[in-house]
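# Secondary and tertiary structure notes
Residue-level listing of the chains:
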Amino acid sequence: MAAIVQIRIPQTDGPSADEKERQLLANLAALPSVIVALSGGADSAYLAWAAQKALGTRALSVTALSPSYSTHDRDIVEGFVRAQNIHHEFVETHEMENPEYRANAADRCFHCKDELFTVLDAIALERGFNATAYGVNADDTLDFRPGHRAAKEHRVLAPLLDVGMRKSEIRELSQRANLPTWDRPASACLASRVPYGTEVTPERLGLIEQGEAALRDLGFQQFRVRLHDKLARVEIAPEEMPRAFTPEMAAEISARLKAVGFAYVALDLEGYRQGSLNEALKRPSTFTDSESGLSQT
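What counts as what
Residues numbered from 1 in each chain as written. Predicted model: local features only at pLDDT ≥ 70, side-chain atom pairs only at ≥ 80, totals over all residues. Heavy atoms only, no water. Core = buried A, V, L, I, M, F, W, Y, C linked by side-chain atoms within 4.5 Å. Buried < 20%, exposed > 50% of the residue type's maximum accessible area, 1.4 Å probe, protein only. Helix = DSSP H or I, 4+ residues; strand = E, 2+ residues; numbered from the N terminus. Contact = heavy atoms within 4.5 Å. Salt bridge = Lys/Arg side-chain N within 4 Å of Asp/Glu carboxyl O. Expected span 1.5 Å × (residues − 1). Arc of directions from axis to C-beta. Disulfide = S-S within 2.5 Å. pLDDT = per-residue confidence, 0-100.

The next thing to look at is the nonpolar core. Among the nonpolar cores identified, the biggest contains 33 residues, and Leu24, Leu28, Val34, Tyr46 and Met165 are the most heavily contacted of them. At the level of secondary structure, the elements contributing two or more residues to this core comprise helix H1 (17-29), strand S1 (34-37), helix H2 (42-55), strand S2 (59-65), helix H3 (71-84) and helix H8 (167-176). The element best represented in this core is H2, accounting for nine residues. Those residues in contact with Tyr46 that lie beyond four places of it in its chain are Glu21, Leu24, Leu160, Met165, Ile170, Leu173, Ser174 and Leu179.

With that out of the way, let us pick up the pattern of salt bridges. One pass over the full model with this rule turns up 18 salt bridges. Notably, a salt bridge pairs Arg74 with Glu78, separated by 3.3 Å at the nearest N-O pair. Placement of the pair is Arg74 and Glu78 together in helix H3, with a separation of four residues, close to one helical turn. Owing to a relative accessible area of 28%, Glu78 belongs among the partly exposed residues under this scheme. Residue Arg102 is joined to Glu199 by a salt bridge in which the shortest nitrogen-to-oxygen separation is 3.7 Å. Here Arg102, found in helix H4 (residues 99-103), pairs with Glu199, found in the loop between H8 and helix H9 (202-217); they are 97 residues apart in sequence, far enough to count as distant. Using a relative accessible area of 25% as the deciding quantity, one classes Arg102 as partly exposed. Overall, the relative accessible area of 39% leaves Glu199 in the partly exposed class. Sharing partners across several salt bridges, the network here consists of Arg226, Arg233, Glu235, Asp268, Glu270 and Arg273.

Right, let's talk about H1 for a bit. Here H1 contains 13 residues, and its C-alpha end-to-end distance of 18 Å stays within 8% of the 18 Å for a straight helix at 1.5 Å per residue. What H1 keeps buried is the set Ala17, Lys20, Glu21, Leu24, Leu25 and Leu28. The buried residues of H1 occupy one face: seen down the axis, they fall within an arc of 135°. Buried-residue contacts for H1 involve H2, helix H7 (159-162) and H8.

Moving on: the environment of Leu227. In this fold, Leu227 is placed in strand S5 (residues 223-228). Since its relative accessible area comes to 1%, Leu227 is described here as buried. When sequence neighbours within four positions are dropped, the list of residues in contact with Leu227 reads Arg193, Val194, Pro195, Arg204, Leu207, Ile208 and Phe262.

Put plainly, two cysteines are in a disulfide when a covalent bond ties their sulfur atoms together. Applying the stated criterion across every chain, the model contains zero disulfides. You can see Cys189 has no disulfide; the closest cysteine sulfur is in Cys112, sitting 5.4 Å from it. Residue classification places Cys189 among the partly exposed positions, given a relative accessible area of 27%.

Here the protein chain shows a mean pLDDT of 90. Residues at 70 or above account for 87%. Between residues 1-10, whose pLDDT stays under 50, and residues either more than four places distant or in other chains, the model counts 27 contacts. Here residues 284-297 is a poorly scored stretch, pLDDT under 50, and it has 22 contacts once near neighbours within four places are set aside; other chains count.

Below is the structure:
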């Protein structure tokens, strides 16, 4: 667990969300220029909006494209930057060429973020941008996040964290600013659905993407399709689980995921929880599928 980077313990009192936003905008305005890593989630979208508000065209938001980035996420970003008139570009990253990334050890995210920040550093150097920034917030402190180590090594700024802004405040302020991402469910790259130790391949990522697209078509909002060899372990948000567990919907989920290439489909009885594959890192041993609380359909 040496790769855990504890950034800051969130405080329960202090400045209001409005005060934090004012400080954030002031801090950004003090920068000569900045590149913002924009994934399309609520945090990075809010930071991209704030950077543009503070710096205008001296802020550039950049989204990395690779096999681990879904078409759905790209569509979200395209709509967001168009609606908000964000100065933005897509770039390609090549973490799949790194055998340490594909090996999918516990530090996979480090290698992904290292590639991303290397690409952003090159853009900054070539075009004269003074800094790069990403959307880590004050709640991102205790989970296993080796990508933070890459950010520190590349000296990437963390403007939301610097003002102590929490996820709930980001959503509140985004809603006030009429950003469509204010209530977007938590999102992560497709590789986060592959258990540690299982090689990350374009084929596996494509299978996961198709499986999640099928769940989205069925109207689910917050979910993950975790890949375990030929089995899809489906996590559904607790408030959506009653619908998923009706016999008709369970059969439909099973049929749709088998149609895209999974041999078996299981609904996780614990439901969706962020970073569930990190749970194996905290256990003294790894459980088999029969011990892990799955309801197979």
